Structures are given as C-alpha cells and as structure tokens.
Amino acid sequence: DKEHRVNASANIYLKGKHDDNLIAVETNEYQLNFLESFLGSLFSDIQGYATAKLDIKGNLNDLDYVGTAHLHDAGLKLKFTQVFYKIKDTDIQLKEHELDLGNIKLIDTLTGGTATLSGSIYHDSWKNMNFDLDARIDSKPITLLNTNISDNTSFYGHAVGTGSMILVGSDNDLYMTVDAKSSETDSSHIIIPPTKSKASELAEFLVERTHGYTISD
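Only a predicted model underlies this, so the values are computations on that prediction, with no experimental measurement involved. Counting restarts for each chain, with residues numbered from 1 along the sequence as it is written. A pLDDT threshold of at least 70 governs which residues receive local features in this predicted model, and a stricter bar of 80 or more applies before side-chain atom pairs are shown or counted, although totals over entire chains, interfaces and linings include all residues. Computation of side-chain values: all heavy atoms of the structure, hydrogens and water removed.

A. Looking closely at the overall build of the protein. Labels follow the DSSP assignment, with helices taken as runs of H or I lasting at least four residues and strands as runs of E lasting at least two, numbered in each case from the N terminus. Along the backbone of the protein there are 1 helix and 15 strands. The contact criterion used is simple: two residues touch if any of their non-hydrogen atoms lie within 4.5 Å. Partitioning the intrachain contacts of the protein with sequence separation of at least 6 by distance along the chain shows that 44% fall at a separation of at least 24. As displayed, the protein has an accessible area near 13000 Å², and 51% of this comes from carbon and sulfur atoms. We get accessible surface area from the Shrake-Rupley algorithm with a probe of 1.4 Å; when it comes to residues, only the shown protein chains can shield them.

B. Representation of the confidence of the model for the protein within the structure. You can read pLDDT as the predictor saying how much it trusts each residue, on a scale of 0 to 100. Here the protein averages 85 in pLDDT, and 88% of its residues register 70 or above. Counting interchain partners and residues more than four positions distant, the pLDDT-below-50 stretch residues 196–217 has 44 contacts.

C. Representation of the side chain of Thr 81. Take Thr 81: it is sitting in the loop between β4 (64–78) and β5 (83–87). The classification of residues rests on relative accessible area computed with a 1.4 Å probe and restricted to protein chains. Under 20% of the type maximum is buried, over 50% is exposed, and intermediate values are partly exposed. The class for Thr 81 is buried, based on a relative accessible area of 8%. With residues near it in sequence (within four places) discarded, Thr 81 still touches Leu 144, Leu 145, Asn 146 and Thr 147.

D. A look at the pairing of strand β12 (residues 173–182). Burial runs low along β12: only 0 of the 10 residues are buried. Only when DSSP finds a minimum of two bridges between them are two strands counted as paired. Both strand β11 (residues 156–170) and β12 contribute to a ladder of 10 bridges, which runs antiparallel. Pairing of Ser 164 across the sheet is with Asp 179, part of β12. Between β11 and β12, which pair antiparallel in sequence order, lie 2 residues.

E. Looking closely at the environment of Ile 137. Among the secondary structure elements, Ile 137 is positioned in strand β9 (residues 127–137). What makes Ile 137 buried here is its relative accessible area of 17%. Along the backbone, Ile 137 and Thr 116 are 21 residues apart, and their C-alpha atoms lie at a distance of 6.3 Å.

F. Spotlight on the packing of aromatic side chains. For Phe, Tyr and Trp, rings pair up if their centres lie within 6.5 Å, where Trp contributes its six-membered ring, and each pair is then called stacked (planes under 30 degrees apart), edge-to-face (over 60) or tilted (otherwise). Under the counting rule described, the total for this entry stands at 4 aromatic pairs. Ring plane angle 85 degrees and centroid distance 6.4 Å describe the contact between Phe 34 and Phe 38, whose orientation is recorded as edge-to-face. With centroids separated by 5.7 Å and ring planes inclined at 45 degrees, the aromatic side chains of Phe 38 and Trp 126 adopt a geometry described as tilted. One end of the pair, Phe 38, is in helix α1 (residues 36–39); the other, Trp 126, is in the loop between β8 (114–124) and β9, with 88 residues separating them in the sequence. Of the residues examined, Phe 38 reaches a relative accessible area of 30% and is grouped as partly exposed. Accessibility expressed as a relative area gives 14% for Trp 126, which makes it buried. Three or more aromatic residues joined by ring pairs make a cluster, and in this case those are Tyr 30, Phe 34, Phe 38, Tyr 65 and Trp 126.

G. Inspection of a negative patch on the surface at higher detail. Patch membership is restricted to residues that have no salt bridge and whose relative accessible area is over 30%. Joining uses 9 Å for like charges and 5 Å for the nonpolar side chains Val, Leu, Ile, Met, Phe, Trp and Tyr. Any Lys or Arg side-chain nitrogen found within 4 Å of a carboxyl oxygen on Asp or Glu counts as a salt bridge. Asp and Glu count as negative and Lys and Arg as positive, but His and the ends of the chain are not part of the count. In this description, the location of a charge corresponds to atom NZ of lysine, CZ of arginine, CG of aspartate or CD of glutamate. Taken together, Asp 19, Asp 20, Asp 62 and Asp 124 make up a surface patch of like negative charges. Locating Asp 20 in the fold gives a position in the loop between β1 (5–11) and β2 (22–31).

H. Local environment of unusual backbone geometry. A positive phi is found at Asp 45, a non-glycine position, where the angle reads about 50 degrees. Structurally, Asp 45 can be placed in strand β3 (residues 43–57). The phi dihedral of Gln 82 is positive, around 60 degrees, even though this residue is not glycine. Accessibility expressed as a relative area gives 22% for Gln 82, which makes it partly exposed.

Below you can see the structure in the form of structure tokens.
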C-alpha cells in the first residue's frame, strides 16, 4: 500500500551487549491504533495516522525512540470521562525515554470547542509509563463528561464547561486535578447513585447537579 507504508533499515548486533544498535524507520500515514497497547490505561478509540521519521537505537533491552511524527486526522477518547476529541494535525517529538506532546489542540466533536493539551509522557521503552499532562480549555466550553452508570458507578452524567486538568503519575499511581466550571448555556447533570453510610446509617440518597444547583431527596 503506497499510501500507508513503513520503510526500515537496521544495523543490529545479534550477539553480545551493544549500545549502538540502530533501526531507522520512516512511516507514511501509519495507523495510530497500535498506541492503545501502550496508552490503553488512559485512552481508547485512538485513531488517525502518523507520518514519521525516527531512530530506534541503543541496547535491545532498553531502546530509545528519537524523531518526529506528524499526526493527521487523529483522535482519542479519555477513558475516565468517555469523551472523544479530535486532534488538530500537529507534530510531536520523540526523545530519549520521552514523548513530548508540545501543544496539541483538542477539538470537541459535540460542541466544537477546543482545548490545549501540553506536557510529556515518560517511559522505559514504552514500559513503566509516567504522565505529566496539562489540559486547558480555550474560550468556548467543551464536553467534560459523558458517562453512564456502566462507565463509573460512583458518579456519571453529562457535563459541558470550561477549566483545566492536570494529570501526573504512573499507571499505578495516577493523580488528577480538575478545576472546572459548568456552562451557563448548555445543560449539564452529574448523578451520584444511592449509597449507604456505615458510620451514620443515613437513608440512601440521590443527588443531581445542574448548572451548579443541587437538588436532594
């Protein structure tokens, strides 16, 4: 397939421990869905294409990936919120043990609003992933949450608004900080299902929040 192709040349030592192995790779419109194998703890429905030129080098047990990739017609879904965003065509940098995202523009397919995602993902040959990401919504509100009870039994619903999010840590110890404000013009609701407090044995309750107001019964 001339439109979607991968070219590679390799200089590899078959025996012994060497740090100067080199695999030079060039891709044209290579599908991005393979990234779910590495980023699947955070993202799903990864789609689009990458045209890249990179060197895979070093010890075969601890390879470095260095180069540049151009993303085209890309998109992904944030698992925690179940919101899918398109990614404006952009370049990202692959550095030693680091995927530098630069400033990626995310486009909400539901509202048309945008956000800027910046930061890096650190890794050891795509293992032991460590995230340092910052997302800030531009002027127009975007979809922040689009879940149902099967996605998250603690809370679920649909929310549109503005704000920012910081995501740091490893797969096993991930920390998220969200500073969000609901839109005054778009309908939003977050439902907390009935729960029972062992300490107080209070009656089960249902809370639904819409535009910052709380209704309890």
